[in-house]
Amino acid sequence: MDVDSLERRVENLDRRVERVEQILPTLATKADVEAAIEAAIEAAVEPLATRAELHAAIKAAVEPLATRTELHAAIEAAIEPLATRAELHAAIAESEKRTRTHFDVVAESLRDDIRLIAEGLAALSQRIG
């Protein structure tokens, strides 16, 4: 390499160093970046609820709800007036018995009415004949 070439390289290197020296003061330092990260984390975490606040909110939300014991008591109270399976079968059997008895009475009444009509028709046939 000749001297002119070396001088040009040194001049180029000087210009580059000057540009870097102008940029360097505008760059953030490690401490600046760490402080910015810490501030961003604090800003992101600040609006979040604390553990105690979350527990208080959950307790307030759960408090008006019924307990297991209260739910069981309410179910028992709702079921109590309902008939059991055996009671339903007994009621159905009684209803069937009453229906059968009523039908027998109606059928007997119809037989009597038919017998009366038949007797009247027989008497009328004898008078005519």
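Per chain, residues are indexed from 1 in the order of the written sequence. For a predicted model such as this one, the threshold for reporting local features is a pLDDT of at least 70, and the threshold for listing and counting side-chain atom pairs is 80 or more; totals across whole chains, interfaces and linings nevertheless cover every residue. Only hydrogens and water are set aside when side-chain values are computed; all heavy atoms of the structure are taken into account.

Caption draft 1: Broad picture of the overall build of the chain. Broken down by element type, the chain carries five helices and zero strands. For helices the rule is a DSSP run of H or I covering at least 4 residues; for strands it is a run of E covering at least 2, with both sets numbered from the N terminus onward. When the helices and strands of the chain are listed from N to C terminus, the series reads α-α-α-α-α. A radius of gyration in this sense is built from C-alpha atoms; the matching globule rule multiplies 2.2 Å by the number of residues raised to 0.38. Relative to the globule expectation of 14 Å for 129 residues, the C-alpha radius of gyration of the chain, 53 Å, shows a markedly less compact shape. Across its three principal axes, the chain shows a C-alpha extent of roughly 165 × 45 × 20 Å. Throughout, exposure labels follow a simple rule: accessible area from a 1.4 Å probe, protein chains only, divided by the maximum for the residue type, with under 20% read as buried, over 50% as exposed, and the rest as partly exposed. Each of the 129 residues in the chain was classed as buried or not, and the buried ones make up 2%. As used throughout, the charge tally considers Lys and Arg to be positive and Asp and Glu to be negative, leaving His and the chain termini uncounted. The atoms used to mark charge sites are NZ of Lys, CZ of Arg, CG of Asp and CD of Glu. For the chain, the separation between the mean place of its 16 positive charges and that of its 25 negative charges on side chains is 10 Å.

Caption draft 2: Quick peek at a nonpolar patch on the surface. There is a patch of nonpolar side chains on the surface, built from Val 33, Ile 37, Ile 41, Val 45 and Leu 48 and spanning about 450 Å² of accessible area. Within the element layout of this structure, Ile 41 appears in helix α2 (residues 30-45). Taking the relative accessible area as the measure of exposure, Ile 41 reaches 47% and is therefore partly exposed. Here a patch means residues that are over 30% exposed by relative accessible area and free of salt bridges, tied together within 9 Å if like-charged and within 5 Å if nonpolar (Val, Leu, Ile, Met, Phe, Trp, Tyr). The method behind every accessible area is Shrake-Rupley, applied with a 1.4 Å probe, and residues are considered shielded solely by the protein chains displayed. The rule for a salt bridge is simple: a side-chain nitrogen of Lys or Arg has to be within 4 Å of a carboxyl oxygen of Asp or Glu.

Caption draft 3: Representation of the pattern of salt bridges. By the definition in use, this model includes four salt bridges. Between Arg 98 and Glu 94 there is a salt bridge, and its shortest N-O distance comes to 3.7 Å. Placement of the pair is Arg 98 and Glu 94 together in helix α5 (residues 85-128), with a separation of four residues, close to one helical turn. Residue Arg 98 is classed as exposed on the basis of its relative accessible area of 54%.

Caption draft 4: A negative patch on the surface, seen in detail. A contiguous patch of negative charge on the surface is contributed by Asp 2, Asp 4, Glu 7, Glu 11, Asp 14, Glu 18 and Glu 21. Within the fold, Glu 18 resides in helix α1 (residues 3-23).

Caption draft 5: Inspection of the environment of Asp 113 at higher detail. By secondary structure assignment, the location of Asp 113 is in helix α5. Considered as a pair, Asp 113 and Ala 60 are 53 residues apart in the sequence and their alpha carbons are 78 Å apart.

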